[in-house]
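Residues per chain are reported as follows:
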Amino acid sequence: MSVTKEYRIRLDGVRFRSKHGASTSERRLPQDFVANVELSLPPTELPAGDDRRDVVDYDRIASAIEDEGTARSYRLLETLARRIVDRLFADSPATSVRIVITKARPPTSTSVEAASVELLVARADP
């Protein structure tokens, strides 16, 4: 008999437009952001059957990312990433969340195609 040791859900390329950035001019117009997220879940959350109602729904995960990404404006990608992680912990039984938030064409003195921030956060014990 096999035993599931890990259960992960990964979403790549969750896109949203919002007004995040360090400067006022960056926050004036919407910009493109992309989130890649991986949730580690307890193996007990793996469904025994084939019913969508029994799983952590990745449509709900994607919607939560977009909701948090567009709800308000942040100066730092780090703050945005942390807010999304907090929301995913609130909305799921995830034991850890890895998130990469990428901002296209950040305003820099040198040509940079994209800037990313990556967090790996474990759920705090109650």
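Residues numbered from 1 in each chain as written. Predicted model: local features only at pLDDT ≥ 70, side-chain atom pairs only at ≥ 80, totals over all residues. Heavy atoms only, no water.

Participant: Sorry if this is basic, but what is going on with the overall build of the chain here?
Facilitator: When helices and strands are tallied, the chain shows two helices and four strands. Moving toward the C terminus, one meets the helices and strands of the chain in the order β-β-α-α-β-β. Going through the 126 residues of the chain one by one, you find that 37% of them count as buried. Carbon and sulfur atoms form 48% of the exposed surface of the chain, whose accessible area is close to 8,100 Å². The centroid of the 20 positive side-chain charges in the chain is displaced by 7 Å from the centroid of its 20 negative side-chain charges. (Helix = DSSP H or I, 4+ residues; strand = E, 2+ residues; numbered from the N terminus. Buried < 20%, exposed > 50% of the residue type's maximum accessible area, 1.4 Å probe, protein only. Areas by Shrake-Rupley, 256 points an atom, 1.4 Å probe, with all protein chains shown as cover. Lys, Arg positive; Asp, Glu negative; His and termini not counted. Charge placed at Lys NZ, Arg CZ, Asp CG, Glu CD.)

Participant: Please clarify how the nonpolar core should be interpreted in this entry.
Facilitator: Most often, soluble globular proteins have nonpolar side chains that are buried together. In terms of nonpolar packing, the biggest core is built from 28 residues, with Val37, Ile61, Ile65, Leu88, Val97 and Ile101 touching the most fellow members. Only strand S1 (7-18), strand S2 (31-41), helix H1 (58-71), helix H2 (77-91), strand S3 (96-104) and strand S4 (114-122) provide two or more residues apiece to this core. (Core = buried A, V, L, I, M, F, W, Y, C linked by side-chain atoms within 4.5 Å.)

Participant: Help me understand the environment of Pro43, please; the structure alone is not making it clear to me.
Facilitator: Here Pro43 lies in the loop between S2 and H1. Along the chain, Pro43 and Asp67 lie 24 residues apart, while their C-alpha atoms are 27 Å from each other. Not counting the four nearest positions on each side in its chain, Pro43 is found in contact with Thr4, Lys5, Glu6 and Tyr7. (Contact = heavy atoms within 4.5 Å.)

Participant: Looking at this model, I keep getting lost on the packing of H1 against H2. Mind explaining?
Facilitator: Between two packed helices, the angle of one axis relative to the other and the distance separating the axes together describe the packing. Taken N-terminus to C-terminus, the directions of H1 and H2 make an angle of 140 degrees; their axes are 9 Å apart at the nearest point. With respect to H2, the element H1 is oriented oblique. Both H1 and H2 take part in a crossing whose hand is right-handed. Across from Arg60, Ile61, Ala64, Ile65, Asp67, Glu68 and Gly69 in H1, the residues of H2 making contact are Leu80, Arg83, Ile84, Arg87, Leu88 and Asp91. (Axes fitted to C-alpha atoms, helices over the stretch in contact; angles between N-to-C directions. Parallel < 35°, antiparallel > 145°, perpendicular 65-115°, else oblique. Left-handed = near helix turned anticlockwise from the far one by under 90°.)

Participant: I'm lost on the side chain of Ser40 in this one. Help?
Facilitator: As for its placement among the helices and strands, Ser40 is situated in strand S2. On the basis of relative accessibility, which here comes to 14%, the residue Ser40 falls in the buried class. In contact with Ser40, not counting residues within four places along its chain, are Tyr7, Arg8, Ala94, Thr95 and Ser96.

Participant: For this particular structure, what's the right way to read H1?
Facilitator: Note: α-helices contain 3.6 residues per turn, so residues at a spacing of three or four share the same orientation. Between its first and last C-alpha atoms H1 spans 20 Å; for 14 residues at 1.5 Å apiece the expected length is 20 Å, and the two agree. Of the positions making up H1, those classed as buried are Ile61, Ala64, Ile65, Glu68 and Gly69. One side of H1 holds all its buried residues, which, seen down the axis, span an arc of 125 degrees. Of the exposed residues in H1, those oriented more than 90 degrees away from the buried face are Arg60 and Ala71. For H1, the elements touching its buried residues are S1, S2 and H2. The opening residue of H1, the one whose side-chain oxygen lies 2.9 Å from the backbone nitrogen of Asp59, is Asp57. (Expected span 1.5 Å × (residues − 1). Arc of directions from axis to C-beta. Polar contact = N/O pair within 3.5 Å; in protein donor to acceptor, adjacent residues only side chain to side chain.)

Participant: Help me understand the packing of aromatic side chains in this model?
Facilitator: Where two aromatic rings form a pair, the distance of their centres and the angle of their planes describe that pair. Under the criterion given, the structure shown has one aromatic pair. Seen from their ring centres, Phe16 and Phe33 are 5.7 Å apart, and the 10 degrees between their planes marks the pair as stacked. Of this pair, Phe16 sits in strand S1 while Phe33 is found in strand S2, placing the two residues 17 residues apart along the sequence. Classification of Phe16 by relative accessible area gives buried; the value is 5%. (Phe/Tyr/Trp six-rings, centres within 6.5 Å; stacked < 30°, edge-to-face > 60°.)

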